[in-house]
Structures are given as structure tokens and as C-alpha cells.
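A structural walkthrough
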Amino acid sequence: MDRPDETLRVTHLLARIRAGDQGAEERVYELLADELKRVARSMLRGGPATPTLGVSDLVNEAYLRIAGAAPESWEDRRHFVRYAARAMRSALTDRVRAARASKRKPQGERVPLEGLASSQVAGDLDLMALDEALDRLEQIDPRLTEVVQLRFYGGLTRAAAAQAMGLPEREVRNLWEFARAWLREALD
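Residues numbered from 1 in each chain as written. Predicted model: local features only at pLDDT ≥ 70, side-chain atom pairs only at ≥ 80, totals over all residues. Heavy atoms only, no water.

Within the fold, Asp-131 resides in helix H5 (residues 127–140). For Asp-131, a relative accessible area of 11% gives the class buried. Separated by 42 residues in the primary sequence, Asp-131 and Arg-89 have C-alpha atoms spaced 8.2 Å apart. Ignoring anything within four residues of it in the chain, the contact list for Asp-131 reads Arg-89, Thr-93 and Arg-97. (Helix = DSSP H or I, 4+ residues; strand = E, 2+ residues; numbered from the N terminus. Buried < 20%, exposed > 50% of the residue type's maximum accessible area, 1.4 Å probe, protein only. Contact = heavy atoms within 4.5 Å.)

Shown next, in the form of C-alpha cells:
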């Protein structure tokens, strides 16, 4: 759970970024660097998605995407975390796509399925297929894709995802269960 004083500092700094203070952007990153690294470690748990992708690589790529974004959509820490989860997904998917293109491999890179599957399902997940399935899932309900980004890519707990989305935890649990079932079906 977020510390209230840190949440207020991040929200204040995001307002300064919207007002044009470029130095505030670096301070936001400093405040959230440990959290972004924790998220990256969570995403890469069970082995890296590509041979050269590490925690620092993923955080740096995601930060570059975050820093180049239009900050006017970042109202508070919650919005920033949601955007960071999407940037992590995008950075990881682009890295896998580049590795695949350079090797001319017909199949995608594999990562453990543990974050999306029930405990009975074993095996690996093709990140490119997941990315395409998430794009289709977003057409059904964008909240479904967002909850997957926050939980699977962002490494957030159900409670933290609920806070980030501004939804009751029970609703996030239902969205997560539906999204997991839909994705298992789509990826089979």
C-alpha cells in the first residue's frame, strides 16, 4: 500500500510536471524508482523474457517511454502507476519483437504462465500472442486489459490494482478472473 505522504508528493510533482517543471519529472522517477524495479523484477521472475533483458534494462526502457509521454493525463500517483504498467508491457513486447526479428524465429519468446494461469496450468506463454490477445480483449472492455497490465505486467496485488483503477477490490477480482479465463481460451 502507498504511504500517504509519498502519494501526496508524487501527486504534487505530477502537477508541477503538467505546469512545465521538467525537474519534477526526475524527482518523480527518484521517488518511484524502487517501485518500478520491483515491478520489473516481478515481470521478469522465472527467467528473463529475452537473453539480454534485465531489471535495469526494462526500467530504463519503460522510463524513457514514460518521460516522452504527455503528462497531462497523470492526475495522481494512481494514473502514473497505470501508465507505467502499460509502458512496461510495451517495452517488454517491443524487446521480444526485436529479438524475434533479429533471430528470424517463427515462434515468440516464452515466459512463465504462472501470473495468468491457475495453479493447475503449467507451461510458458508467448508474449507476442499475449499482446495480440490483450488488444482483442481491450475491445471487449478496456478495464479487463488494464487489470492484466497492472497485475501481470505491473506485479500489483489485487488490492493495489483496485486502488490504481479506483475500483472496489471485489470488482477487480471479478475482472481479473474473467480476463484470465478469456486469455487462457484465446491463447489455447
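Judged by nonpolar contacts, the single largest core of 52 residues is most densely connected at Leu-58, Met-88, Val-147, Val-148, Leu-150 and Tyr-153. Of all the secondary structure elements, the ones that give two or more residues to this core are helix H1 (4–18), helix H2 (22–44), helix H3 (55–67), helix H4 (77–103), H5, helix H6 (142–153), helix H7 (158–165) and helix H8 (169–187). When residues in this core are grouped by element, the largest group, 10 residues, is from H2. With near-sequence residues (within four places) excluded, Met-88 lies in contact with Leu-36, Val-39, Ala-40, Met-43, Leu-58, Val-59 and Ala-62. (Core = buried A, V, L, I, M, F, W, Y, C linked by side-chain atoms within 4.5 Å.)

Take the side chain of Thr-93 next. Looking at where Thr-93 falls in the secondary structure, it is placed in helix H4. Using a relative accessible area of 2% as the deciding quantity, one classes Thr-93 as buried. A distance of 2.8 Å separates a polar side-chain atom of Thr-93 from the backbone oxygen of Arg-89. For Thr-93, the residues in contact, after removing those within four places along its chain, are Met-128, Asp-131 and Tyr-153. (Polar contact = N/O pair within 3.5 Å; in protein donor to acceptor, adjacent residues only side chain to side chain.)

Within the secondary structure layout, Gly-23 lies in helix H2. On the accessibility criterion, Gly-23 (34% relative accessible area) is partly exposed. Taking the C-alpha atoms as reference points, Gly-23 and Leu-13, separated by 10 residues in sequence, lie 9.2 Å from one another.

When we look at a pair of aromatic rings, we describe it by the centre distance and by the angle of the planes. With the rule as written, the count across this model stands at 1 aromatic pair. Taking the centre distance of 4.2 Å and the plane angle of 45 degrees together, the rings of Tyr-29 and Tyr-63 count as tilted. Highlighted residues: Tyr-29 in helix H2 and Tyr-63 in helix H3, separated in sequence by 34 residues. One cation-aromatic arrangement involves Arg-151 over Trp-176; the distance from NZ or CZ to the ring centre is 4.6 Å. (Phe/Tyr/Trp six-rings, centres within 6.5 Å; stacked < 30°, edge-to-face > 60°. Lys NZ or Arg CZ within 6 Å of the ring centre and 35° of its normal.)

Before going further, it helps to examine H3. Between its terminal C-alpha atoms H3 stretches 18 Å, which fits the 18 Å expected from 13 residues at 1.5 Å a residue. Looking at H3, one finds that the buried residues are Leu-58, Val-59, Ala-62, Tyr-63 and Ile-66. Axial view of H3: buried residues confined to an arc of 130 degrees, hence all on one face. (Expected span 1.5 Å × (residues − 1). Arc of directions from axis to C-beta.)

Moving on, we get to the confidence of the model for the protein chain. The predicted model of the protein chain has a mean per-residue pLDDT of 77, with 76% of residues at 70 or higher. Put simply, strand S1 (residues 110–112) is where the protein chain has its lowest mean pLDDT, 49, and H8 is where it has its highest, 93. Across residues 46–51, where pLDDT falls below 50, the model places 13 contacts with residues more than four positions away in sequence or in other chains. Within the model, pLDDT remains below 50 along residues 117–123, and this stretch shows 10 contacts once partners closer than five positions in the same chain are excluded. (pLDDT = per-residue confidence, 0-100.)

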